[in-house]
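Descriptive structure summary
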Amino acid sequence: MTVRTRFAPSPTGYMHVGNLRTALYTYLTAKHEDGTFVLRIEDTDQGRLVEGATDVIYGTLKETGLIWDEGPDVGGEYGPYIQSQRMDTYLEYAQQLVEKGAAYYCFCSEERLKALYEEQIAAGEGAGHYDRKCCGLTKEEVQAKLDAGEPYVIRQKMPREGTSCYDDIVYGRVEIDNVELEDQILIKSDGMPTYNFANVIDDHLMGITHVVRGQEYLSSTPKYNLLYQAFGWDTPSYIHCPPVMKDKHTKLSKRNGDASYQDLVAQGYLSQAILNYLLLLGWGSPDDQEFFTLPEMVKVWDPSRISRSPAIFDIEKLRYINATYINNMSEEEFLELSLPWIESVVSSDIDVELLSRNLKPRCEILSDIPDRIRFIDQMPEYELELYKNKKFKTTAETSFEALKLMLPELETLQEWNKETVSEVCLGLAAKHEVKNGWMLYPLGIALSGMKSTPGGGTDLATIMGKDKTIQRVKAAIERLSAELPQE
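Criteria and thresholds
Residues numbered from 1 in each chain as written. Predicted model: local features only at pLDDT ≥ 70, side-chain atom pairs only at ≥ 80, totals over all residues. Heavy atoms only, no water. Pairing = 2+ DSSP bridges. Helix = DSSP H or I, 4+ residues; strand = E, 2+ residues; numbered from the N terminus. Axes fitted to C-alpha atoms, helices over the stretch in contact; angles between N-to-C directions. Polar contact = N/O pair within 3.5 Å; in protein donor to acceptor, adjacent residues only side chain to side chain. Contact = heavy atoms within 4.5 Å. Buried < 20%, exposed > 50% of the residue type's maximum accessible area, 1.4 Å probe, protein only. Right-handed = clockwise from strand over helix to strand, strands pointing away. Phe/Tyr/Trp six-rings, centres within 6.5 Å; stacked < 30°, edge-to-face > 60°. Lys NZ or Arg CZ within 6 Å of the ring centre and 35° of its normal. Core = buried A, V, L, I, M, F, W, Y, C linked by side-chain atoms within 4.5 Å. Salt bridge = Lys/Arg side-chain N within 4 Å of Asp/Glu carboxyl O. Patch = residues over 30% accessible without salt bridge, like charges linked within 9 Å, V, L, I, M, F, W, Y side chains within 5 Å. Areas by Shrake-Rupley, 256 points an atom, 1.4 Å probe, with all protein chains shown as cover. Lys, Arg positive; Asp, Glu negative; His and termini not counted. Charge placed at Lys NZ, Arg CZ, Asp CG, Glu CD.

**So, the sheet that holds strand β4 (residues 153–156)**
With antiparallel pairing, three strands are arranged side by side in an open sheet as β3-β4-β7. The open sheet has two free edges, formed respectively by β3 (103–106) and β7 (185–187), since each of these has just one partner strand. Between one strand and the next, the sheet's axes are offset by a mean angle of 40°, whatever the strand orientation. Note: β4 against β7, two bridges, orientation antiparallel. Pairing of Ile-154 across the sheet is with Ile-187, part of β7.

**Thoughts on the side chain of Thr-60**
You can see Thr-60 is positioned in helix α2 (residues 53–64). Here the side chain of Thr-60 touches Val-56 through a polar contact of 2.8 Å, landing on its backbone oxygen. With residues near it in sequence (within four places) discarded, Thr-60 still touches Met-15, Leu-20, Tyr-261 and Gln-262.

**A closer look at the pairing of strand β2 (residues 36–39)**
Side-chain alternation along β2 places Thr-36 and Val-38 on one buried face and Phe-37 and Leu-39 on a second face that is also buried. Running through helix α1 (residues 17–31), the crossover from strand β1 (residues 4–7) to the neighbouring parallel element β2 is right-handed.

**Considerations on unusual backbone geometry**
Following Gly-79, the chain continues to Pro-80 via a peptide bond in cis, the omega torsion being 0°. Of note, Pro-80 is situated in the loop between α2 and α3 (87–100). The phi dihedral of Asp-34 is positive, around 55°, even though this residue is not glycine. Looking at the secondary structure, you find Asp-34 in the loop between α1 and β2. Judged by its relative accessible area of 72%, Asp-34 is exposed. The phi torsion at Arg-132 lies on the positive side, around 65°, for a residue other than glycine. With respect to the secondary-structure elements, Arg-132 resides in the loop between α4 (110–122) and α5 (139–147).

**Observations regarding the packing of aromatic side chains**
The full count for this structure, using the stated rule, is 19 aromatic pairs. Considering the side-chain rings of Trp-283 and Phe-292, the 6.2 Å spacing of their centres and the 75° angle between planes classify their relative orientation as edge-to-face. For Trp-283, a relative accessible area of 4% gives the class buried. Clustering of aromatic rings is evident, with ring pairs tying together Tyr-25, Trp-283, Phe-292 and Trp-301. A cation over an aromatic ring shows up here: Lys-404 above the ring of Phe-400, its NZ or CZ 4.1 Å from the ring centre. One residue, Arg-479, lies across the ring of Tyr-382, its end atom 4.7 Å from the ring centre.

**Let's talk about the nonpolar core**
Grouped together as the largest cluster of nonpolar side chains are 143 residues, with contacts concentrated most on Leu-24, Leu-66, Phe-197 and Tyr-387. For this core, the leading source of residues is α1, giving eight residues. Those residues in contact with Leu-66 that lie beyond four places of it in its chain are Leu-20, Ala-23, Leu-24, Tyr-27, Phe-37, Leu-61, Leu-275 and Leu-294.

**Side note on helix α9 (residues 271–280)**
Summarising burial for α9: nine of the ten residues are buried, a large majority. Turning to α9, its buried residues number three or more, namely Ser-271, Ala-273, Ile-274, Leu-275, Asn-276, Tyr-277, Leu-278, Leu-279 and Leu-280. Elements that come into contact with the buried residues of α9 comprise α1, α2, α8 (261–266), α10 (294–300), β11 (311–312) and α11 (315–328).

**Some words on the environment of Phe-292**
Looking at the element boundaries, Phe-292 is found in the loop between α9 and α10. Between the C-alpha atoms of Phe-292 and Leu-280, which are twelve residues apart in sequence, the distance is 9.9 Å. Apart from the residues lying within four places of it in its own chain, the contact partners of Phe-292 are Asn-276, Leu-279, Leu-280, Trp-283, Ser-285, Met-297, Val-300 and Tyr-325.

**A closer look at the pattern of salt bridges**
By the definition in use, this model includes 21 salt bridges. Residues Asp-202 and Arg-86 are paired through a salt bridge, measuring 2.8 Å at the closest nitrogen-oxygen approach. Highlighted residues: Asp-202 in helix α6 (residues 195–205) and Arg-86 in the loop between α2 and α3, separated in sequence by 116 residues. With respect to class, Asp-202 is no different from Arg-86; both count as buried. With its nearest N and O atoms 4.0 Å apart, the salt bridge here joins Lys-468 to Asp-377. You can see Lys-468 sitting in helix α19 (residues 466–483) and its partner Asp-377 sitting in the loop between α14 (369–373) and α15 (396–411), a full 91 residues away along the chain. A residue is classified by how much of its surface remains accessible, and Asp-377, at 28% relative accessible area, is partly exposed. Residues joined by salt bridges that share partners form a network here, namely Arg-6, Arg-40, Glu-42, Arg-86, Asp-202 and Asp-203.

**Quick word on a negative patch on the surface**
A contiguous patch of negative charge on the surface is contributed by Glu-331, Glu-332, Glu-333, Glu-336 and Glu-353. The element that contributes the greatest number of residues to the negative patch is helix α12 (residues 331–343), accounting for four residues. Note on placement: Glu-353 falls in helix α13 (residues 352–359).

**Looking at the pairing of strand β9 (residues 237–241)**
The buried fraction of β9 is high, at four of five residues. Bridge analysis of strand β8 (residues 210–214) against β9 gives five bridges, and the strand direction is parallel. Paired with Gly-214 across the strands is Cys-241, a residue of β9. Running through helix α7 (residues 221–231), the crossover from β8 to the neighbouring parallel element β9 is right-handed.

Read these as layout, nothing more, since geometry by itself doesn't imply function.
See the structure below:
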């Protein structure tokens, strides 16, 4: 048997991280068995469709490397792969169920249903449920109503006794009392299939062998299986994934404005790092390995290692993984990625390659970059207390002396690079018998006005160039001279 899985998102907005994790697990389940990964667009809920959302789905999957074997754009023998293009299919199958006695026409109005549910809730019956008023209609009564043009839906007829059971790869044996199963709608009054019904029909017709989806479908899966049984079809294997949570009590949700894949990329997270983190968000590596390429994920994938417990989205863990990916990439790759972020705040002539090399080990996400380097074009205001450093035994007063010693040496320096600037500073430290840091630390403060910078004083001087370095050292000396107590 060839394993066939499908990722079937609705084009209703951006790609939520929980959806992307489902796509990843679905892809891995197929590819671990050399199977087929299908992309199907489920657009039956026409009222929630968002223009451009289908392109977001395509773009996200391509960026993360989850390339589908069959889908709307690449075709396949089981197309079309967009549900709205399969509308003629669903009513035919629903009518087959009616003939089998597994479904029935319901002509109840919205007003009647609303009143019914309100009455049930007021009576303490919990959530409202349909009372099967139309289930007992004769064929003649149904036909008369259809001939009269009465609006209708088609409902699935659930068993009222016994239990329905199935095996889930993650949660094991699942058993539901049939009395809890609502006679769900299969075909809506506008002729469109419901999400649940269209899923079953399409999964069967497309030969889907493994269904990967959220834990919230655990209790409704018996409804799906009853449909499979009514048609005499084999049921697929199920892999239900625990929810992705913002915290212990709140589910991560795009409706609540929580971060999407696109948001994370815009914040400077790398696609590979996001995918790596989502792998671990509810799945345990057999040997505690943390970092995986996509081929490595395919090789080690085992859906039975998915946890049953909700997975809390830990942004700090994602930052750590992202920082490791950045640290492991080549300097050339990082320069290409960091350049747009550098250019967003720096317009002056600088040594971009040196700046990028210095940023790389200090960068967790790319959006860290602008705030770290704004000082290059715009010197921030800072307190003289910043010159104080216990390790290097510096104060504002010693910094004043150090900068005065450096200025003439730097002004006369002909060849300006990191080595020559370092030679000047270290030579002065040796000459005056002080620690290197006593001389270098004040230079970094004078050039940046910041305690933490992408490199020390000599790096900053090299990055910014001679003219700006001399200008800022002079400005620092003038300020120290004006603000320090006169002896």
